[in-house]
Amino acid sequence: MKYLEQYLSKFEKNEEGLYKLYDRFSFDKFFRLLLNNDFEHEEALYFILGNCLLSTLVFQERIYNKYYLNISNEYAVS
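Attention in this report is confined to the structure presented alongside it.

So, how was this worked out
- Think of each chain on its own: its residues are numbered from 1, step by step along the sequence as written.
- Where local features are concerned, this predicted model is filtered to residues with pLDDT of at least 70; where side-chain atom pairs are given and counted, the filter is 80 or more; whole-chain, interface and lining totals use all residues.
- Side-chain numbers come from the whole structure's heavy atoms, not from hydrogens or water.
- By convention a nonpolar core is built from buried Ala, Val, Leu, Ile, Met, Phe, Trp, Tyr and Cys residues, the set being connected through side-chain atoms within 4.5 Å.
- Accessibility here uses a 1.4 Å probe with only protein chains present; expressed as a share of the type maximum, an area under 20% marks a residue as buried, one over 50% as exposed, and anything in between as partly exposed.
- Where helices and strands are cited, they refer to DSSP runs of H or I of at least four residues and of E of at least two residues respectively, numbered from the N terminus.
- In this analysis, two residues are considered to be in contact whenever any of their non-hydrogen atoms come within 4.5 Å of each other.
- In the sections that follow, a salt bridge refers to a side-chain nitrogen of Lys or Arg positioned within 4 Å of a carboxyl oxygen of Asp or Glu.
- The axes are straight lines fitted to the C-alpha atoms, using for helices just the contacting stretch, and the angles between their N-to-C directions are given from 0 to 180°.
- By the definition adopted for this analysis, an angle is roughly parallel if under 35 degrees, roughly antiparallel if over 145, roughly perpendicular if from 65 to 115, and oblique otherwise.
- By definition, any crossing whose near helix is turned counterclockwise from its far helix by less than a right angle is left-handed, and any crossing with a clockwise turn is right-handed.

1. A look at the nonpolar core
Formed by 21 residues in total, the largest nonpolar core has its most connected members in Leu8, Phe27, Phe30, Phe31, Leu34 and Ile48. Of all the secondary-structure elements, those providing two or more residues to this core are helix H1 (2-8), strand E1 (19-21), helix H2 (24-35), helix H3 (41-51) and helix H4 (56-64). In terms of residue count, H2 provides more of this core than any other element does, six residues in total. Dropping the residues within four chain positions of it, Leu34 is found in contact with Leu4, Phe39, Ala44, Phe47 and Ile48.

Have a look at this one:
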């Protein structure tokens, strides 16, 4: 988890310490980072829901529509 914190430090946080994921690209990058650190898709989703702020667009397109299940740990532009 220590290495994960180093990678996550590149993402902006709000004053409450939550990561800001306001666009699809940052969500995908964050999610892929979790997958590359041995998280399963559901674990990554729960981590994001508990530790991140999401825009309505990101929530709808990535979570509600279950697009997060299609994200792989290999880099790709979504």
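Resuming the write-up.
2. Here's the deal with unusual backbone geometry
Not every positive phi belongs to a glycine, and Asp38 is a case in point at roughly 70°. Residue position: Asp38 is located in the loop between H2 and H3. Of the residues examined, Asp38 reaches a relative accessible area of 71% and is grouped as exposed. Even without being glycine, Lys66 reaches a positive phi, approximately 60°. With respect to the element layout, Lys66 can be found in the segment after H4. Judged by its relative accessible area of 49%, Lys66 falls in the partly exposed class.

3. Examining the pattern of salt bridges
Applying the stated rule across the entire model yields three salt bridges. Put simply, Glu12 and Lys20 hold a salt bridge, and the shortest N to O gap is 3.1 Å. A salt bridge links Glu61 to Arg24; the nearest nitrogen and oxygen atoms lie 3.1 Å apart. With Glu61 in helix H4 and Arg24 in helix H2, this pair connects stretches of sequence that are 37 residues apart.

4. So, the packing of H2 against H4
Packing of H2 against H4 brings their axes to within 9 Å, and their N-to-C directions diverge by 45°. As summarised for this structure, H2 and H4 are arranged oblique, according to the angle between their axes. Considering only the axes of H2 and H4, their crossing is right-handed. In this structure, H2 contributes Arg24, Phe27 and Asp28 to the contact, and H4 contributes Val58, Glu61, Arg62 and Ile63.

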